[in-house]
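Structure at a glance
Spelled out, the chains give:
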Amino acid sequence: METPHRVSTLELFFDLVFVFTITQLTVLLADDLSLRGAGQVLLIFTVLFWMYGGYAHLTNQVPPDRTVRRLLLILAMGAFLVCALAVPTAFGAGGVAFGLGYVCVVLVHSALYTQAHGSGVLWFALPNTLCALSVLAAGFFDGPPAWGLWILALLIQFAVPQLVQRVAASGAASAGAGAEPASGSGSGSAAAVTTVSDQLGGMSAEHLVERHGLLLIIVFGESVIAIGIGTGSLPLSAGIAGGAFLALAVASALWWMYFVRDEGRAEEVFAETAPEKRFKLAMLAYYYAFLPMLLGIAAFAAGVKKTIGHLGEHLHTGPALALAGGVAVYLAGDLAFRAVLGIGPARFRAAALVLALATVPVGTGTAGLWQLVALVVVLLGALGAELRWTPGCTAATGSG
């Protein structure tokens, strides 16, 4: 029986600071709705969310219940804040500041893990540091060299899970038994190697699911704030109020899909998974699948920000793609999340993804208002179809 492990208020405070980076990315994308802008947002957030996940796993296993840990976590919050402030100019004048902030984020993370687990953290701390140094180096360049260094950081980052899946057992170093099996990718010689989650401890299912759920709800809240900022000094007309209501309806439908339909079932899956096997499952569900979900919310918010003052007009392709693409990317991540955890069905949300993308001509051919209406209809239709044709769905909705 697992000891209950809830998310602390300091962790929630940490999340509030981190989510400011998503607000900044929404601003960056809204100011540059192009492939270049989307590429920058993708690179910046993919790198940042990697270390957010690192801190979520850290506090899952090393709770901030001591003064030193709390102070280090607050220091990391400050470093994340520096990164967030530098986001709009991360590929320009703010690149060095962003890189220095990110290096600090990585070093504090390593220090906190070292306090609890010693030198074993080197297996992931060193690659993380190389990734951060590549981001810092990118700040000294412009154009293709900067992009190349950011991409290198990403390549290092995605190699980390492969590098840390198997590490030498604590006693293997002196015996020399860990060297040979560590070089292979097979499952042999269990006595010589151990998984990272074995070495650092199993993960609390309750804490893991709650932490990421809280992150997602904060991101939804920040997207609503971004929508409000988009109205600026415009007078509150019936059209703007109606558009804001429709944007909130879209966000609410996306919220419903995860929090009412998926979150409780996800916790059940993690609770049924052996603690030492949860690390890999968490990487798939709460990093690779969650990444597009969070980016989708940011993209949708950027689209609404550009649309809210022009609801009665034909949209340009960029805002229309941001609205539809944001919803579609979120749904793609949600489908991946469900596939990883064996949660079904997929057909209604897959259909909603396709239909969401099909609303782009509605926005460019008629008006932004009608594209928002179409997105609401698509999402409510998917939720209604699940309720009507999925066995046991009524019970699922009651558990969320």
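Provided above is the structure to which this section pertains.
Summarised in this report is the structure supplied together with it. (Residues numbered from 1 in each chain as written. Predicted model: local features only at pLDDT ≥ 70, side-chain atom pairs only at ≥ 80, totals over all residues. Heavy atoms only, no water.)

A short note on the layout of surface pockets
Empty pockets left among the atoms are what a rolling probe the size of a water molecule brings to light. Taken as a whole, the second largest pocket encloses approximately 460 Å³ of empty space. Of all elements in the fold, only α2 (35–61), α14 (290–307) and α15 (317–341) reach the threshold of two or more residues within the lining of the second largest pocket. Among the elements that make up the lining of the second largest pocket, the one with the highest residue count is α15 (six residues). Residue composition of the lining of the second largest pocket, grouped by class: 13 nonpolar, six polar and no charged. (1 Å grid on protein atoms, 1.4 Å probe; cavity = no way out; pocket = protein on both sides within 12 Å on 5 of 7 lines; lining within 4 Å. Points joined across faces, edges and corners; volume = space filled by probe spheres on them. Helix = DSSP H or I, 4+ residues; strand = E, 2+ residues; numbered from the N terminus. Nonpolar A, V, L, I, M, F, W, Y, C, P; charged D, E, K, R; others polar.)

So, empty space enclosed by the protein
Under the definition given, this model contains four cavities of 30 Å³ or more. Roughly 50 Å³ of internal volume is contained in the second largest cavity. Lining the second largest cavity we find I22, T23, T26, V219, E222, S223, A226, I297, A298 and A301. Looking at the lining of the second largest cavity, the elements that each hand over two or more residues are α1 (9–31), α10 (205–231) and α14. The biggest single contributor to the lining of the second largest cavity is α10, with four residues. Class assignment of the residues belonging to the lining of the second largest cavity gives a composition of six nonpolar, three polar and one charged.

A closer look at the environment of W256
Here W256 lies in helix α11 (residues 238–260). For W256, a relative accessible area of 38% gives the class partly exposed. In this structure the C-alpha to C-alpha distance between W256 and L383, which are 127 residues apart in sequence, comes to 8.5 Å. Those residues in contact with W256 that sit more than four places away from it in its chain are R261 and L383. (Buried < 20%, exposed > 50% of the residue type's maximum accessible area, 1.4 Å probe, protein only. Contact = heavy atoms within 4.5 Å.)

Quick look at the packing of α10 against α14
Two numbers describe how α10 lies on α14: the axes approach to 8 Å, and their chain directions differ by 10°. Relative to α14, the element α10 is oriented roughly parallel. Relative to α14, α10 is oriented so that their crossing is right-handed. Of α14, the residues touching α10 (which contributes H212, L215, L216, V219, F220, S223, A226, I227, I229 and G230) are F290, M293, L294, I297, A301, V304 and K305. Looking at the contact of α10 with α14 residue by residue, the class counts come to 13 nonpolar, three polar and one charged. (Axes fitted to C-alpha atoms, helices over the stretch in contact; angles between N-to-C directions. Parallel < 35°, antiparallel > 145°, perpendicular 65-115°, else oblique. Left-handed = near helix turned anticlockwise from the far one by under 90°.)

Remarks on the nonpolar core
Counting residues in each nonpolar core, the largest one holds 121 residues, and the members touching the most others are Y55 and Y102. Top contributing element to this core by residue count: α2, with 13 residues. Excluding anything up to four places from it in sequence, Y102 contacts V47, L48, W50, M51, C83, C131, A132, V135 and Q157. (Core = buried A, V, L, I, M, F, W, Y, C linked by side-chain atoms within 4.5 Å.)

A few points about the side chain of R278
Residue placement: R278 occurs in helix α13 (residues 278–288). On the accessibility criterion, R278 (2% relative accessible area) is buried. Among the polar contacts made by the side chain of R278, one reaches the main-chain carbonyl oxygen of T273 at a distance of 2.9 Å. (Polar contact = N/O pair within 3.5 Å; in protein donor to acceptor, adjacent residues only side chain to side chain.)

Quick notes on the packing of aromatic side chains
Given two aromatic rings, their pairing is described by the distance between the two centres and the angle made by the two planes. In the structure shown here, the tally under the stated rule is 29 aromatic pairs. Considering the side-chain rings of F49 and Y52, the 5.8 Å spacing of their centres and the 5° angle between planes classify their relative orientation as stacked. Taken together, the residues F49 and Y52, both in helix α2 and three residues apart, mark about one turn of the helix. By relative accessible area, which is 0% here, Y52 ends up buried. (Phe/Tyr/Trp six-rings, centres within 6.5 Å; stacked < 30°, edge-to-face > 60°.)

Description of α11
When the terminal C-alpha atoms of α11 are compared, their 31 Å separation across 23 residues agrees well with the 33 Å that a helix rising 1.5 Å per residue should span. Along α11, the positions that sit buried rather than exposed are I240, G243, L246, A247, V250, A251, A253, L254, M257, Y258, F259 and V260. (Expected span 1.5 Å × (residues − 1).)

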